[in-house]
Amino acid sequence: MSDENTSPVGDFAGLGLGAHLVQAVTELGYEAPTSIQAKAIPVLLEGQDVLGLAATGTGKTAAFTLPLLERISQLPARKAPRALIIVPTRELALQVARAVHTYGRSQGLRVLPIYGGAAYRPQLQGLTRGVDVVVATPGRAIDHLNRGSLRLDEVRCVVLDEADEMLDMGFQEDIEALFAATPEGRQTALFSATFPQRLQRVARNVLRDPVKIAVERTATAGDQPAVKQVACIVRRNDKPAALVRILDIEAPEAAIVFCRTREVVDDLAELLGARGLRVEALHGGFSQQQRERVMRRLRAGANDLLIATDVAARGIDIAHLTHVINFDLPQAPEQYVHRIGRTGRAGRSGMAISLVTRRERRLMGQICQHTGVDVQLRPVPRVEDLRRRQIKRLVDEVEATLSESELATWVAAAEGLLETHEANDVVAALLRMAHEQVAPDLDEPPDERSLDAGGNGFRNDPRKQRDPRRHAGNWAPLWVDIGGMSRVRPGDLVGAFAGEAGIAGNDVGAIHITERFSVVEVRQELVQMVIERMQGATIRGRRVQVRPYQPRR
């Protein structure tokens, strides 16, 4: 196995790609190749096998798709695929297929993603019509191979992407079977963030005298900026309180919170949903249909916080993700690299925050040693920090209003106040009123000692169960045919109403859960819209019905 230490090339035109591909990446706004692209593309264009060791988010998709497309564009068209890209998850299959389609559009190259959890018929039709590049998850590819609908005897290029994750997911036998069905003279590229022993054995079996390309986590002109990494030392029982405080002060555009177990995912999703956050849960207990619905809402911006286990989050690519929070540290340093690689991609900045117990400090040290990055220690934000941040946001909004809005209507009222009060007092009073509207809970903060000395100091669920029939005003009760027998919790109901109906958490009022059904209050003006949008929704894996609540007389 040889090593490649070629210096990065300044632009894509110097890598040996055809003009059509250089134009495609230029039109997408990419000016300079990343390190992995600059090193891998020329080698793959020469037809050599490659072992690429690069973390998620370093641009490796373009590093293998661009030379692959260049090579197969010179081959005569066939119905059977000329290239096979094997990936661990449905989400990554779709992501890579989109990249292939975008780069190869001008050449008319055909790409088809095939993955589990989807209907066979569209995939069979695509394979029957003919395809140049197949992007597949191992299990579904084996299914098509056994059916005879997928032929690999004319494949010239095979790519194994995120190979370490595929082995972790138990796909080794499927991968070996797929390689056995391809010609011996094929070109193979294997990309992975880590290189454990069992992957080394696979590499020896499928690669022929490969060029090894290892990319360190340092930035070049085309690389992503380094993700800012910090850690907060907290007691285990205080982690939920610390997480809430961090989310309040960071106000992420979109974030993933990683947990170790399904139970913790469900509990946190319930807790944060009850606080009015637009939150989704995702773990191995979800069906493929539920998973797809969660991802659609996240990508559409309907929700901005995902609580997930590692298995569920593999292959997830959310373009606007700004924060990764490790509620539980991963057991392996390699998995930490995978997690934080979900943010700070494609030139964006990112933040990774880890909640670390004292017992986990040694593990955090091992992670730092593995990544070569000094993770900054910082205290959990205090109430004073949050108050200052919220006041700053409020002042920024006031300044924006002063510069952009027509204020003539309000001038007379302002002049009246200024006749009897000092200007500073008037502005301070208005700011206080506005601040109390957006942050009413700050007057009753959790006990600060909970984050420093180990107290609990955390309100478990501020959304009390009370009889909706006694709650008059602009609220209307809705009947939902799922209750305590299905282990439904207030957070499940809030999350479903917010996610499926697209309403805010504070548009949901009192919740009353009986054994067989639940009653959920929503604002009166939203009732009809909520009923319409909740048709076909699922809660706790069950399809539910929603209608106006009519108590028995």
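Above this text sits the structure in question.
Residues numbered from 1 in each chain as written. Predicted model: local features only at pLDDT ≥ 70, side-chain atom pairs only at ≥ 80, totals over all residues. Heavy atoms only, no water.

Draft legend 1. Region of the structure containing the overall build of the protein. The helix and strand tally for the protein stands at 21 helices and 21 strands. Taken over 553 residues, the protein has a buried fraction of 51%. Sequence-distant contacts in the protein: of pairs separated by 6 or more residues, those separated by 24 or more amount to 76%. Carbon and sulfur atoms make up 48% of the accessible area of the protein, which totals about 26600 Å². (Helix = DSSP H or I, 4+ residues; strand = E, 2+ residues; numbered from the N terminus. Buried < 20%, exposed > 50% of the residue type's maximum accessible area, 1.4 Å probe, protein only. Contact = heavy atoms within 4.5 Å. Areas by Shrake-Rupley, 256 points an atom, 1.4 Å probe, with all protein chains shown as cover.)

Draft legend 2. Molecular detail of the environment of Gly 350. The residue Gly 350 is located in the loop between α14 (333-340) and β14 (351-356) in this model. Along the chain, Gly 350 and Val 227 lie 123 residues apart, while their C-alpha atoms are 4.9 Å from each other. Gly 350 has contacts with Val 227, Lys 228, Thr 322, Thr 343 and Gly 344, leaving out every residue within four places of it along the chain.

Draft legend 3. How the structure looks around empty space enclosed by the protein. According to the stated counting rule, one finds two cavities of 30 Å³ or more in the structure shown. Estimated volume of the largest cavity: approximately 80 Å³. Together, Leu 44, Phe 64, Pro 67, Leu 68, Arg 71, Cys 157, Val 158, Val 159, Gln 187 and Ala 189 line the largest cavity. At the level of secondary structure, the elements contributing two or more residues to the lining of the largest cavity comprise α3 (60-72), β6 (157-160) and β7 (187-192). Classifying every residue of the lining of the largest cavity gives eight nonpolar, one polar and one charged. (1 Å grid on protein atoms, 1.4 Å probe; cavity = no way out; pocket = protein on both sides within 12 Å on 5 of 7 lines; lining within 4 Å. Points joined across faces, edges and corners; volume = space filled by probe spheres on them. Nonpolar A, V, L, I, M, F, W, Y, C, P; charged D, E, K, R; others polar.)

Draft legend 4. Fine view of unusual backbone geometry. Of note, the phi angle at Glu 162 is positive, near 50°, even though the residue is not glycine. Relative to the helices and strands, Glu 162 is located in the loop between β6 and α7 (163-168). Residue class for Glu 162 comes out buried when judged on its relative accessible area of 4%. Even without being glycine, Asp 209 reaches a positive phi, approximately 40°. Relative to the helices and strands, Asp 209 resides in the loop between α9 (197-206) and β8 (211-214).

Draft legend 5. The nonpolar core, seen in detail. By size, the foremost hydrophobic cluster in this structure holds 41 residues, and its most contacted members are Leu 66, Leu 68, Leu 69, Ile 85 and Val 133. Residues within four places of Leu 69 in sequence aside, it is in contact with Leu 21, Val 100, Tyr 103, Gly 104, Gln 107, Leu 109 and Val 133. (Core = buried A, V, L, I, M, F, W, Y, C linked by side-chain atoms within 4.5 Å.)

Draft legend 6. How the structure looks around the pattern of salt bridges. Within the structure shown, the criterion is met by 22 salt bridges. For Lys 239, the salt bridge identified is with Glu 360, shortest N-O distance 3.6 Å. Of this pair, Lys 239 sits in helix α10 (residues 239-250) while Glu 360 sits in the loop between β14 and α15 (361-371), placing them 121 residues apart in sequence. A single burial state applies to Lys 239 and to Glu 360, both of which are buried. Among the salt bridges present, the one from Arg 523 reaches Asp 507, with a minimum N-O distance of 2.9 Å. Residue Arg 523 is located in strand β18 (residues 518-523), and its partner Asp 507 is located in the loop between α20 (490-501) and β17 (508-513); the two are separated by 16 residues in the primary sequence. Given a relative accessible area of 16%, Asp 507 falls into the buried group. Here the residues in one salt-bridge network are Arg 78, Arg 82, Arg 151, Asp 153 and Glu 154, joined through shared partners. (Salt bridge = Lys/Arg side-chain N within 4 Å of Asp/Glu carboxyl O.)

Draft legend 7. Here's a closer look at the sheet that holds strand β10 (residues 255-259). Sheet architecture is open: seven strands sit in the order β11-β12-β10-β13-β14-β9-β15, paired in parallel fashion. A single partner strand is all that each edge strand has here, and the edge strands are β11 (279-282) and β15 (376-377). By the bridge criterion, four bridges tie β11 to strand β12 (residues 305-309) in an arrangement that is parallel. The residue bridging Glu 280 from the neighbouring strand is Leu 306, located in β12. Set on the sheet, α14 makes contact with β9 (228-233), β10, β13 (323-326) and β14; between it and β13 the angle comes to about 150°. Here α15 sits on the sheet in contact with β9, β14 and β15, set at roughly 150° to β14. (Pairing = 2+ DSSP bridges. Axes fitted to C-alpha atoms, helices over the stretch in contact; angles between N-to-C directions.)

Draft legend 8. Examining the sheet that holds strand β21 (residues 546-548) more closely. Spatially, β17-β18-β16-β21 is the arrangement adopted by the four strands of the open sheet, whose pairing is antiparallel. Whereas interior strands pair on both sides, the edge strands pair on one side only; in this sheet they are β17 and β21. The average angle at which neighbouring strand axes cross in this sheet is 30°, direction not considered. Those strands touched by α20 are β16 (475-480), β17, β18 and β21, and its axis lies near 135° from that of β17.

Draft legend 9. Expanded view of the packing of α14 against α15. Running from amino to carboxyl end, α14 crosses α15 at an angle of 70°, the nearest separation of the two axes being 9 Å. Taken together, α14 and α15 sit at an angle that is classed as roughly perpendicular. The residues of α15 that touch α14, namely those facing Pro 333, Glu 334, Tyr 336 and Val 337, are Met 364, Gln 366, Ile 367, His 370 and Thr 371. Considered class by class, the residues forming the contact of α14 with α15 number five nonpolar, three polar and one charged. (Parallel < 35°, antiparallel > 145°, perpendicular 65-115°, else oblique.)

Draft legend 10. Looking closely at the packing of α3 against helix α4 (residues 90-104). Closest axis-to-axis distance for the α3/α4 pair is 10 Å, and the angle between their directions is 45°. Classified by the angle their axes make, α3 and α4 are oblique. Along this stretch, α3 crosses α4, giving a crossing that reads as right-handed. Between α3 and α4, the residues in contact are Thr 61, Ala 62, Phe 64, Thr 65, Leu 66 and Leu 69 and Gln 95, Val 96, Ala 99, Val 100, Tyr 103 and Gly 104, respectively. Partitioning the contact of α3 with α4 into residue classes produces eight nonpolar, four polar and no charged. (Left-handed = near helix turned anticlockwise from the far one by under 90°.)

Draft legend 11. Just the packing of aromatic side chains, in detail. Using the criterion set out here, one finds two aromatic pairs in the structure. When the ring of Phe 64 is compared with that of Phe 191, the centres are 5.5 Å apart and the planes differ by 50°; the resulting orientation is tilted. Residue Phe 64 is located in helix α3, and its partner Phe 191 is located in strand β7; the two are separated by 127 residues in the primary sequence. For the residue pair Phe 64 and Phe 191, the accessibility class agrees, reading buried in each case. Between Trp 479 and Phe 517 the ring centres are 6.3 Å apart and the planes differ by 35°, which places this aromatic pair in the tilted class. Placement of Trp 479 in strand β16 and of Phe 517 in the loop between β17 and β18 is noted, with a sequence separation of 38 residues between them. Residue classification places Trp 479 among the buried positions, given a relative accessible area of 17%. In this structure, Lys 239 is placed above the aromatic ring of Phe 327, and the distance from its NZ or CZ to the ring centre is 5.7 Å. (Phe/Tyr/Trp six-rings, centres within 6.5 Å; stacked < 30°, edge-to-face > 60°. Lys NZ or Arg CZ within 6 Å of the ring centre and 35° of its normal.)

Structural measurements only, silent on function.
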